[in-house]
Amino acid sequence: MIDRPFIKVWRDGAVGHIELNRPEAFNALNRQMMSAIVGALQTFDEDAETAVVVISGAGRAFAAGADIDEMAGDDPVRLEMVDPFAVWDQIRLIRKPLLAAVHGFALGGGFELALSCDLIFAAENTQFGFPEVKLGVMPGAGGTVKLTKALGRHKALEWLWTGARMTAEEACAHGLVNRVVPADNLMEVAMKMARKLSEQAPLSLRLIKETVNQAADLALYEAMLIERKNFYLLFASEDQKEGMAAFREKRKPVFKGR
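Cut-off values and rules
- Residues numbered from 1 in each chain as written.
- Predicted model: local features only at pLDDT ≥ 70, side-chain atom pairs only at ≥ 80, totals over all residues.
- Heavy atoms only, no water.
- Domains from an automatic or database assignment.
- Buried area = accessible area lost by both parts, 1.4 Å probe.
- Salt bridge = Lys/Arg side-chain N within 4 Å of Asp/Glu carboxyl O.
- Nonpolar A, V, L, I, M, F, W, Y, C, P; charged D, E, K, R; others polar.
- Helix = DSSP H or I, 4+ residues; strand = E, 2+ residues; numbered from the N terminus.
- Contact = heavy atoms within 4.5 Å.
- Expected span 1.5 Å × (residues − 1).
- Buried < 20%, exposed > 50% of the residue type's maximum accessible area, 1.4 Å probe, protein only.
- Polar contact = N/O pair within 3.5 Å; in protein donor to acceptor, adjacent residues only side chain to side chain.
- Arc of directions from axis to C-beta.

**Observations regarding the domain arrangement of the protein chain**
Move 1: Domain assignment breaks the protein chain into domain 1 (7–198) and domain 2 (202–248).
Move 2: Computed over C-alpha atoms only, the centres of domain 1 and domain 2 are separated by 27 Å.
Move 3: For the domain 1 and domain 2 pair, buried surface summed over both sides reaches about 700 Å², with 44% attributable to carbon and sulfur atoms.
Move 4: In terms of surface lost to domain 2, no three residues of domain 1 exceed Arg92, Arg95 and Lys149, which account for 62% of the buried area on that side.
Move 5: Along the contact surface separating domain 1 from domain 2 lie three salt bridges.
Move 6: Taking the shortest distance from any N to any O, the salt bridge between Asp217 and Arg92 comes out at 2.9 Å.
Move 7: Taken together, the residues that form the side of domain 1 that touches domain 2 break down as four nonpolar, no polar and five charged.

**So, the side chain of Ser56**
Move 1: For Ser56, the position within the fold is in strand 4 (residues 52–57).
Move 2: Those residues in contact with Ser56 that sit more than four places away from it in its chain are Ile18, Glu19, Leu20, Phe62, Ala101 and Met187.

**Thoughts on helix 1 (residues 31–46)**
Move 1: With 16 residues, helix 1 ought to run about 22 Å at 1.5 Å a step, and its terminal C-alpha atoms sit 23 Å apart, in line with that.
Move 2: Turning to helix 1, its buried residues number three or more, namely Arg31, Met33, Met34, Ala36, Ile37, Val38, Gly39, Ala40, Leu41, Phe44 and Asp45.
Move 3: The N-capping residue of helix 1, defined by a side-chain oxygen 3.3 Å from the backbone nitrogen of Gln32, is Asn30.

**Considerations on helix 11 (residues 220–234)**
Move 1: With 15 residues, helix 11 should reach 21 Å at 1.5 Å per residue; the first-to-last C-alpha distance of 21 Å fits that figure.
Move 2: The set of residues buried in helix 11 consists of Ala223, Ile226, Asn230 and Leu234. What you see down the axis of helix 11 is that its buried residues fit within an arc of 75°, all on one side. The outward face of helix 11, more than 90 degrees from its buried face, is lined by the exposed residues Tyr221 and Tyr232.
Move 3: Close packing links the buried residues of helix 11 with helix 10 (202–215) and helix 12 (238–249).

Shown next, in the form of structure tokens:
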């Protein structure tokens, strides 16, 4: 296990773990912490032994938002110079599957971090929301955009304008969460999925993720052309030959990521 500022990082087999570790502040995300998270993600993304990454939070929360004390004295010029959200953009470039195991509070920046992951598993006690309006600001790391794409304009405005919290069940009903589970089973369920994904063909996972991300932003036919290109590309891989040979021979495939 490697400790970085405000996080714990380790690998369990093919599954990389990043645990937010600022429990005394409900894992509030300051800039040093976000840089550490993204640095750990990039390290795992480049590690051939890591297939999937799980992000979770220590203590009573996943992440209760951004560090208000750090932000309170900011002004537009300083924000433009520091550009605190640039590091968030790097998360979208991570090619491997990212799973969020969320409990307690996932508010503001914590909600944005969860939404930056590919799959979200939430404990029954989780509360989601964007309370920024109550501080005289708004989400800045993609919250308004991602919520609008997921819920549509009217529902997104309702949640963003009121700063209300939604339960894990509500978030799941709106398609923001993959599964709601008892708190005691959260990591077990997340790890079960992570290990299942770690057995899949790495190049397939990577190109499926790329295609789905593009499909969320592009017109239908443009996205289909990307899908077609990636489909053809996988036929140049050893894993495609292994997967189809294993199917024909009625055995479990052994994928190598090449």
